[in-house]
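Commentary on secondary and tertiary structure
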Amino acid sequence: MIEMSREAFEDLVAEALDSIPAELTEVMRNVVIIVEDDAPEPGLLGLYQGVPLTERGDWYAGVLPDHISIYRNEILAICETPDEVVDEVRITVVHEIAHHFGIDDERLHELGY
């Protein structure tokens, strides 16, 4: 397990978000992304909770924001170098945002996420 401050880890999440094309981030609606220290289950690196954009209809109004969690300790536990942390954070952020856009795990794994 590699050691990294919460602040440094949050900076990596911010950098990963900045690397997402503006055309995508501009259409992200009603979603919050946070860093949490511990995952609700071992091995979980990130979690999307909400209604994907592809499933929203006229009924979608007045709901709480979708919630993307990035789990710091789980990511740090599987990485051996700072570069691995950078890569894993980016992959996890992209993976969870893809769920917001309605892309399922099977397709994400085909794409390398």
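Residues numbered from 1 in each chain as written. Predicted model: local features only at pLDDT ≥ 70, side-chain atom pairs only at ≥ 80, totals over all residues. Heavy atoms only, no water.

1. Focus on the pattern of salt bridges
Scanning the model with the defined rule gives five salt bridges in all. In this structure, Asp37 engages Arg72 in a salt bridge whose closest nitrogen and oxygen atoms are separated by 2.9 Å. Of the two residues, Asp37 is situated in the loop between strand E1 (31-36) and strand E2 (46-49) and Arg72 in helix H3 (residues 72-78); the sequence distance between them amounts to 35 residues. Accessibility expressed as a relative area gives 28% for Asp37, which makes it partly exposed. A relative accessible area of 13% places Arg72 in the buried class. (Salt bridge = Lys/Arg side-chain N within 4 Å of Asp/Glu carboxyl O. Helix = DSSP H or I, 4+ residues; strand = E, 2+ residues; numbered from the N terminus. Buried < 20%, exposed > 50% of the residue type's maximum accessible area, 1.4 Å probe, protein only.)

2. Quick word on helix H1 (residues 6-18)
Taking 1.5 Å per residue as the helical rise, H1 with its 13 residues ought to reach 18 Å, and the 18 Å between its terminal C-alpha atoms agrees with that figure. For H1, every residue scored as buried is listed here: Phe9, Leu12, Val13 and Ala16. Seen end-on, H1 carries its buried residues on one side only, within an arc spanning 100°. Facing away from the buried surface of H1 by more than 90 degrees, the exposed residues are Glu7 and Asp18. On its buried side, H1 packs onto E1, strand E3 (66-71), H3 and helix H4 (82-100). (Expected span 1.5 Å × (residues − 1). Arc of directions from axis to C-beta. Contact = heavy atoms within 4.5 Å.)

Purely geometric numbers; function is a separate question.
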